[in-house]
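What follows is each chain in one-letter form.
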Amino acid sequence: MSAADASRRPRRPARAGRNYTLLTAAAVVTNLGSQGALIASAFAVLETGGDGGDVGLVAAARTLPLVLFLLIGGAVADRLPRHRVMVAANALNCVSQAVFATLVLAGEARLWQMMLLSALGGTGQAFFSPAAEGMLMSSVSGEQASRAFAMFRMAMQGAGLGGAALGGAMVAVVGPGWVLAVDAVAFAVAGALRSFLDVSHIPPREPGGGLLSDLREGWREFVGRPWLWTIVAQFSVVVAVVGAADAVYGPLVARDSLGGPGPWGLALGAFGAGTVGGALLMTRWKPRRLLLAGTLCVFPLAAPAAALAVPVPVGPLCAVMFVSGAAIEVFGVSWMTSLHQEIPEDKLSRVSAYDWFGSIAMVPLATALAGPAEAAFGRTAALWGCSALVVVVTAAVLCVPDVRNLTRRTKAVAHGSPVAECEFRSADAEGTAGRLG
């Protein structure tokens, strides 16, 4: 192979070292299991005689503790070594999924048990997510951030693609219990990988005034940036209605109109394929107005709910899911780059916790009400309502000047803390070692 050919191969960013590799590998393993488990848990409820309301209750049971403990999880992750928080959370998820799988395989699962185990999984996620986001953002240099995030998300979403397709097929062939068991094993493997993360490069935290003081400091950082809190408010609605459509209405439409879990797994796989394509695009494209480009790409998230409302056949549904997946990945990379550029490292987990908290705060309510809304208005009307809400709140966010005008910086300072270059140098200046293809 010539030197020119070698230089064109996709490679990790030059400053994205051991931690970045471990985080990416662990995320791939986790997503392979968790995407199939999302399908499996819904069909486990249906197989026990549950209805759409019961599916919504199990989904809400997972999200409620996620909402309750996220802010505490963010403060803890900015106080303790982040990799230890991540490993402990993975262990809790492993145990809860293993018990869930055992009950389903034994035919002994009850609704309250599935809700309790889902709640334990949500608790683990509440501590894991802020620590993981802070760890990822501290694992790459600023000049490598945008492309590194895109590469990470491409690997993670590619695993989600395989996990959703495989999970849907496995649910149809061997039942949901075995898919849940695979997810438990995936959490064990991912936790083992994350135990090798190195946090020595992260400066020691200054002694603070306690947990409440840390939360107040994170809150001031959050509300002081209009682009940050307005987009989080937008996503509190978007994530809620899209979550209700995917977790509750999607499996029901699949059962009644598409032929069961296999086609629904294929549709979720198409969404995953779209996210891979969107991440691949973002390894090359660097929009100057980060949040404007990202927010415009939220509008296509209204399309899947509309497609389910019709409902369209599997082929067009997959096409819609692919486009929406690609679009939201443009937002995802732009959003992560904005946070990396604007937020000081020692506050990343707390700000991420407020981001996660706001984004998912309405999900328990939306998923719990999905069944009653279907009964009151009909499934078609409920799905059209989900689609309309995505369009309305996204259009509203574009009225905020900071969302339209925040730009990618070559040098940035966040509250006196230097943030390294966010722009990538040209290929000639950067050299072969830093190129991704």
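Rules used in this analysis
- Residues numbered from 1 in each chain as written.
- Predicted model: local features only at pLDDT ≥ 70, side-chain atom pairs only at ≥ 80, totals over all residues.
- Heavy atoms only, no water.
- Helix = DSSP H or I, 4+ residues; strand = E, 2+ residues; numbered from the N terminus.
- Buried < 20%, exposed > 50% of the residue type's maximum accessible area, 1.4 Å probe, protein only.
- Expected span 1.5 Å × (residues − 1).
- Arc of directions from axis to C-beta.
- Contact = heavy atoms within 4.5 Å.
- Phe/Tyr/Trp six-rings, centres within 6.5 Å; stacked < 30°, edge-to-face > 60°.
- Core = buried A, V, L, I, M, F, W, Y, C linked by side-chain atoms within 4.5 Å.
- Salt bridge = Lys/Arg side-chain N within 4 Å of Asp/Glu carboxyl O.

Trainee: Before we go on, may I ask you to explain the environment of Leu68 in this structure?
Mentor: Along the chain, Leu68 falls in helix α3 (residues 52–79). The class of Leu68 is exposed, set by a relative accessible area of 56%. Taking the C-alpha atoms as reference points, Leu68 and Thr123, separated by 55 residues in sequence, lie 8.4 Å from one another.

Trainee: Can you help me understand helix α16 (residues 379–397) in this one?
Mentor: Within an α-helix, residues lying three or four positions from one another point in the same direction, as the helix has 3.6 residues per turn. Here α16 spans 28 Å end to end across 19 residues, near enough to the 27 Å set by a 1.5 Å rise per residue. Within α16, burial applies to Ala382, Leu383, Cys386, Ser387, Val390, Val393, Thr394 and Val397. Seen along its axis, α16 keeps its buried residues to an arc of 140°; they face one direction. The inward-facing, buried residues of α16 contact α9 (226–258), α11 (290–296), α12 (302–309) and α17 (401–405).

Trainee: Just checking my understanding: could you explain the packing of aromatic side chains for this structure?
Mentor: In this description, an aromatic ring pair is defined by two values, namely the gap between the centres and the angle between the planes. For the structure shown, the criterion picks out seven aromatic pairs. Where Phe222 meets Tyr354, the ring centres are 5.7 Å apart and the plane angle is 25°; that geometry is what we call stacked. One end of the pair, Phe222, is in helix α8 (residues 211–223); the other, Tyr354, is in helix α14 (residues 348–360), with 132 residues separating them in the sequence. On the basis of relative accessibility, which here comes to 7%, the residue Phe222 falls in the buried class. Judged by relative accessible area, Tyr354 falls into the buried class, the value being 9%. These aromatic residues form a ring-pair network of at least three members: Trp227, Phe235, Phe331 and Trp335.

Trainee: Is there a simple way to explain the nonpolar core in this structure?
Mentor: Within the largest apolar cluster, 110 residues are counted, with the highest numbers of intra-cluster contacts made by Leu317 and Trp335. Ranked by the residues each element gives to this core, the list is headed by α9, at 17 residues. Sequence-distant contacts of Trp335, defined by excluding residues within four places in its chain, comprise Trp227, Leu228, Ile231, Val232, Leu291 and Asp355. Membership of the second largest hydrophobic core comes to six residues, among which are Ala150, Cys297, Val330 and Val333.

Trainee: What am I meant to see in the pattern of salt bridges here?
Mentor: Pairs can form between side chains of opposite charge once their charged atoms are near each other. Throughout the structure, instances matching the rule amount to eight salt bridges. For the salt bridge of Glu342 with Arg225, the shortest nitrogen-to-oxygen distance reads 3.9 Å. With Glu342 in helix α13 (residues 314–342) and Arg225 in the loop between α8 and α9, the pair connects residues that are 117 residues apart, well separated along the chain. Taking relative accessible area as the criterion, Glu342 reaches 5% and is therefore assigned buried. With relative accessibility at 10%, the residue Arg225 sits in the buried group. Between Asp256 and Arg255 there is a salt bridge, with the nearest N and O atoms lying 3.1 Å from each other.

Trainee: Would you mind going over α8 with me for this structure?
Mentor: Along its 13 residues, α8 runs 18 Å from first to last C-alpha, staying within 8% of the 18 Å computed at 1.5 Å per residue. Of the positions making up α8, those classed as buried are Asp214, Leu215, Gly218, Glu221 and Phe222. Viewed along the axis of α8, the buried residues span an arc of 120°, placing them on a single side of the element. Turned more than 90 degrees away from the buried face of α8, the exposed residues are Leu212 and Arg220.

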